[in-house]
Amino acid sequence: MLLGSRLLTGAAVVVGVPALIVGYIALVEWLVARLPFVWQPKVRPWLWLLPALVILGFFLLYPAVDTFYLSLFDTTGKQYVGLQNYTYFFTTQGTLIALRNTAYWLIFLSIFTVALGLIFAVLFDRVKYEAAAKGILFLPMAISFTAASIIWKLQYDYQPPGAAQTGTLNQIITLLGGQPVAWMVDPRVNNLALNWVGIWMWTGFALVILSAGLKSIPGDIIEAARVDGANEWQILRSIMIPMMSTTIIVVGTTMVINALKIFDIIYVMTGGFYNTDVLAVHMYIEMFDNLQFGRASAVATLLLITIIPFMLINIRRFREQEAMR
Amino acid sequence: MKAEWITHAVITERARIRHRSHFLTRAPLHLIIFLVCLIWLVPTFALLVSSFRPENLIATTGWWTAFVPPFHFTLDLYKQALSQAGMGQSFLNSLFITIPATVIPIMIAAFAAYAFAWMDFPGKDVLFVIVVGLLVVPLQMTLIPVLRVYDKLHLSGTFPGIWLAHTGYGLPFAIYLLRNFFGGLPREMLESAYLDGASGFTAFFNLVLPLSVPAIASLAIFQFLWVWNDLLVALIFLGFNPSLQPMTVNIANLVNSLGSGWQLLTAAAFISMALPLVVFIALQRYFVRGILAGSIKG
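Residues numbered from 1 in each chain as written. Chains lettered and ligands numbered in written order. Predicted model: local features only at pLDDT ≥ 70, side-chain atom pairs only at ≥ 80, totals over all residues.

Novice: Which residues make up the overall build of chain B, and what values do they have?
Specialist: Each helix and strand in chain B was counted, giving 15 helices and zero strands. What you see for chain B is a C-alpha radius of gyration of 26 Å, clearly larger than the 19 Å of a compact globule of 298 residues, by over 25%. If you line up chain B on its principal axes, its C-alpha atoms span 75 × 70 × 35 Å. Among the 298 residues that make up chain B, the fraction classed as buried is 45%. Intrachain contacts of chain B at a sequence separation of at least 6 include 75% that bridge at least 24 residues. (Helix = DSSP H or I, 4+ residues; strand = E, 2+ residues; numbered from the N terminus. Rg over C-alpha atoms; globule rule 2.2 N^0.38 Å. Buried ≥ 20, exposed ≤ 12 C-beta atoms within 10 Å, placed from the backbone. Contact = placed C-beta atoms within 7 Å.)

Novice: Explain the interface of chain B and chain A residue by residue, including any values.
Specialist: Counting from both sides, the interface comprises 86 residues of chain B and, opposite them, 90 residues of chain A. The leading source of residues in the side of chain B that touches chain A is helix α2 (residues 23–51) of chain B, at 14 residues. Classifying every residue of the side of chain B that touches chain A by side-chain character gives 62 nonpolar, 20 polar and four charged. (Nonpolar A, V, L, I, M, F, W, Y, C, P; charged D, E, K, R; others polar.)

Novice: Go over the domain arrangement of chain A with me, naming the residues and quoting the values.
Specialist: Residues and elements named next belong to chain A. As far as domains go, chain A holds domain 1 (2–70) and domain 2 (88–324). The C-alpha-based centres of domain 1 and domain 2 are spaced at 36 Å. Each partner contributes to the interface: domain 1 provides four residues, whereas domain 2 provides six residues. Counted by class, the side of domain 1 that touches domain 2 contains three nonpolar, one polar and no charged residues. (Domains from an automatic or database assignment.)

Novice: How would you summarise helix α7 (residues 140–153) of chain B if you had to cite specific residues and measurements?
Specialist: Each α-helix turn comprises 3.6 residues. Residues three or four places apart therefore point the same way. Here α7(B) spans 21 Å end to end across 14 residues, near enough to the 20 Å set by a 1.5 Å rise per residue. Largest kink in α7(B): about 25°, centred on B:Val146. Listed in full, the buried residues belonging to α7(B) are B:Gln140, B:Met141, B:Thr142, B:Leu143, B:Ile144, B:Pro145, B:Val146 and B:Leu147. Here the buried face of α7(B) lies against α2 (40–70), α13 (279–289) and α14 (293–324) of chain A together with α8 (159–183) and α12 (232–238) of chain B. Count one or two residues on from α7(B) and you reach B:His154, which has phi positive near 55°. (Expected span 1.5 Å × (residues − 1). Bend = angle between axes of the 7 residues up to and from the residue.)

Novice: Account for the packing of α13(A) against α14(A), naming residues and giving values.
Specialist: Residue and element names in this part refer to chain A. One can describe the packing of α13 onto α14 by two numbers: an axis separation of 8 Å at closest approach and a directional angle of 160°. One way to sum up the angle between α13 and α14 is to call them roughly antiparallel. In terms of crossing hand, the pair formed by α13 and α14 is left-handed. Residues Leu279, His282, Met283, Glu286 and Met287 of α13 pack against Phe293, Arg295, Ala296, Val299, Ala300, Leu302 and Leu303 of α14. In the contact of α13 with α14, the residues fall into nine nonpolar, one polar and two charged. (Axes fitted to C-alpha atoms, helices over the stretch in contact; angles between N-to-C directions. Parallel < 35°, antiparallel > 145°, perpendicular 65-115°, else oblique. Left-handed = near helix turned anticlockwise from the far one by under 90°.)

Novice: Please provide a residue-by-residue account of the environment of A:Asp220, values included.
Specialist: With respect to the element layout, A:Asp220 can be found in helix α9 (residues 219–227). Each C-alpha atom of the pair A:Asp220 and A:Ile150 lies 46 Å from the other, and the pair is 70 residues apart in sequence.

Novice: Could you give me a rundown of the confidence of the model for chain A, with the residues and numbers involved?
Specialist: With 98% of its residues at a pLDDT of 70 or more, chain A shows a mean pLDDT of 89. Taken element by element, chain A is modelled with least confidence in helix α1 (residues 2–33) of chain A, mean pLDDT 84, and with most confidence in helix α4 (residues 93–124) of chain A, mean pLDDT 94. (pLDDT = per-residue confidence, 0-100.)

Novice: Describe in detail unusual backbone geometry, supporting the description with residues and values.
Specialist: Of note in this structure, A:Leu291 is not a glycine but carries a positive phi near 55°. By the secondary structure assignment, A:Leu291 is in the loop between α13 and α14. Using a count of 10 C-beta atoms within 10 Å as the deciding quantity, one classes A:Leu291 as exposed. Even without glycine at this site, B:His154 takes up a positive phi of about 55°.

Novice: Just give me the short version of the nonpolar core, but keep the residues and values in it.
Specialist: Counting residues in hydrophobic clusters, the biggest one holds 175 residues, and the most contacted among them are B:Ala109, B:Ala112, B:Ile175 and B:Leu178. Looking at this core element by element, the count peaks at 19 residues for helix α5 (residues 87–118) of chain B. Ignoring any residue separated from it by four or fewer positions in sequence, one finds B:Ile175 in contact with A:Ala52, B:Ala109, B:Ala112, B:Ala113, B:Phe116 and B:Val131. (Core = buried A, V, L, I, M, F, W, Y, C linked by C-beta atoms within 7 Å.)

Shown next, in the form of structure tokens:
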């Protein structure tokens, strides 16, 4: 019953919504055609942009401003408290750990994905089965962080010493004569273990972009360097990396932004416990578990402030591209 | 001229010798690549194997023991996932969320991108730079205000609410990608269409859209994967309602409530991965093209 009516609604939506959107543009064009000729080019663009601008305004621009405003109030949203939510953030043990872990994510995710992506791009470039190898590394991109978390819980699973290990990693360690490690609980390794899940998921992305960048370097430059006796390491360091610097920066900034937003892996794998909290998870906890909207808004505002430099890099790069067009 | 030709020949000859290097000297390279691929594949493979193992064995023995006799393989976990865990319902919910949340933003972005690429208006560049800037705004920044308005409008916990939210969060990238593609279409073609008396409407639907199928395809894959795999937006705007929640929310909840019994979720996780993996493998070409267009546009 529920399913039947839902399928019907589904069909109506899949046909109806696009028809509505196309209908909007048809209406716009019909109206514009009735305007005086000089007015047409002035009005038309704004009507074509209107749906996008309204939605962007409501979902991204207005909330960004409102969140900052809310961060200056207490949890009721009525009592102005100045920067109290921010001082709370910077003086509480738990939030500082979230801040530290976000910094870990930022550093490890960007360095490892770029470094591994670059190394794999260079290595894969030399074999005939390059496409297949890339495809394998790229595959995790299709998987949700939630499913990836289950996948990696299976790898990191821990049983006490002496018991049969169920996690791949601990099985290998015990076979080599070591003690099993509680990957998700031990504060010495758990953040790194979680970072690795992100690295596993995003290296393929870095690889694809860096590999395209590598192939755009003219082959004779590298060949000439080889003839002159440069070894592979020198070629990588003095030719490939400098010539790919823009691509490397693009991948790096993308990873920094991904790292700042990381949420799912931690929410599913540890719930932010055992000192693995990050800013995005911490904000969710303040918002839904503690109902501290002011504090949650302050965390969100700090996230945005951290991201602004990367936003500016993004805009500057875009401007440069436009200038070259 | 001739000397140049000879040096060139010498260089290529040396390069050939270098490249025709022995299989033995290249063995370490193949070995490293093989190991890298193994490290990347084993985790997913382990999940697949585990999902076909019986419940009592999965918690006490490693997945690799499945390859030693007696071979215990069963579909129990899949049956459980579909019946008790409600993954069948969640699968339909995921579809019901994802399809409109992929179609709507692409259409709206296409109109905006067309205006940005082929119409003139004051403030065009500034407006587009703002869109580029919005690409990186963290979702978290927007959740509380949007949720407050949603509560007033009774949109939270509804499908139209989450379609709109995904539309909003997907628009900056969609506009950016499509505008770059539209802008690369030949100007003469559009101008001659206008001279022939085509309206903006026909030029857009009969010329621009059909020519942009590759860009739209890559965008559609992006948006599809992003919505299908999303956890946060669904958690916030749909909440914990079993009749609405997509697979990601369902699995995340079960991980928390099952505690040490999370291994039962291997089948559920695999069900949630099946469709995106098929889409992804079938259309990977378009996906890669989209990534490259979005990052190193040259």
